[in-house]
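Here is how the chains run, residue by residue.
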Amino acid sequence: MDNPIPSKALVLSGGGGRGAYQVGVLRFLEEHEWYPDVIVGTSIGAVNGAAMASGHTPCGRCGAGQHIAFISSLLAGGVEQ
């Protein structure tokens, strides 16, 4: 019987400096194919978590500038596809 309870959670805190650090951590996690079942965050951690959950992660195929542009568009109230 499959266990429906999530087994991996990613918790991201708030704070500008931490938010920048989280981008590097998210890149590391993606490079090592570690994906959480649940993502929770506060302040900038919530923004970074929303970006990761929607598939916009700071991976090798996109630069930090694109990640920052995505976060800026979230804060401005919309995301262009």
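Residues numbered from 1 in each chain as written. Predicted model: local features only at pLDDT ≥ 70, side-chain atom pairs only at ≥ 80, totals over all residues. Heavy atoms only, no water.

Draft legend 1. Fine view of the overall build of the chain. For the chain, the helix and strand inventory stands at three helices and two strands. Helices (α) and strands (β) of the chain occur, in sequence order from the N terminus, as β-α-β-α-α. Counting across all 81 residues of the chain, residues that qualify as buried make up 28%. By sequence separation, contacts in the chain at least 24 residues apart represent 69% of the contacts at least 6 residues apart. On the chain, roughly 5400 Å² of surface is accessible, and the fraction owed to carbon and sulfur atoms is 58%. (Helix = DSSP H or I, 4+ residues; strand = E, 2+ residues; numbered from the N terminus. Buried < 20%, exposed > 50% of the residue type's maximum accessible area, 1.4 Å probe, protein only. Contact = heavy atoms within 4.5 Å. Areas by Shrake-Rupley, 256 points an atom, 1.4 Å probe, with all protein chains shown as cover.)

Draft legend 2. Structural view of the nonpolar core. The biggest cluster of nonpolar side chains holds five residues, and these are L10, L12, L26, L29 and M52. Secondary-structure elements contributing two or more residues to this core are β1 (9–12) and α1 (16–31). (Core = buried A, V, L, I, M, F, W, Y, C linked by side-chain atoms within 4.5 Å.)

Draft legend 3. Structural context of α1. Helix length check: α1, at 16 residues, gives a terminal C-alpha distance of 23 Å against a target of 22 Å (1.5 Å per residue), a fit within 8%. Taken residue by residue, α1 has G19, Q22, V23, L26, L29 and E30 as its buried positions. (Expected span 1.5 Å × (residues − 1).)

Draft legend 4. How the structure looks around the pairing of strand β2 (residues 38–41). Across four bridges, the pairing between β1 and β2 is parallel. Following the sheet pairing, A9 is matched in β2 by V38. Handedness of the crossover joining β1 and β2 through α1 is recorded here as right-handed. (Pairing = 2+ DSSP bridges. Right-handed = clockwise from strand over helix to strand, strands pointing away.)

Draft legend 5. Summary view of unusual backbone geometry. For E33, which is not glycine, the phi torsion reads 55° and is therefore positive. Structurally, the position occupied by E33 is in the loop between α1 and β2. Even without being glycine, S43 reaches a positive phi, approximately 55°. Mapped onto the fold, S43 is located in the loop between β2 and α2 (44–53).

Draft legend 6. Here's a closer look at the environment of W34. With respect to the element layout, W34 can be found in the loop between α1 and β2. When its relative accessible area of 27% is taken as the criterion, W34 is described as partly exposed. As a C-alpha pair, W34 and K8 span 26 residues in sequence and 9.2 Å in three-dimensional space. With residues up to four places along the chain from it excluded, the contact list for W34 reads K8, A9, L10, L29 and M52.

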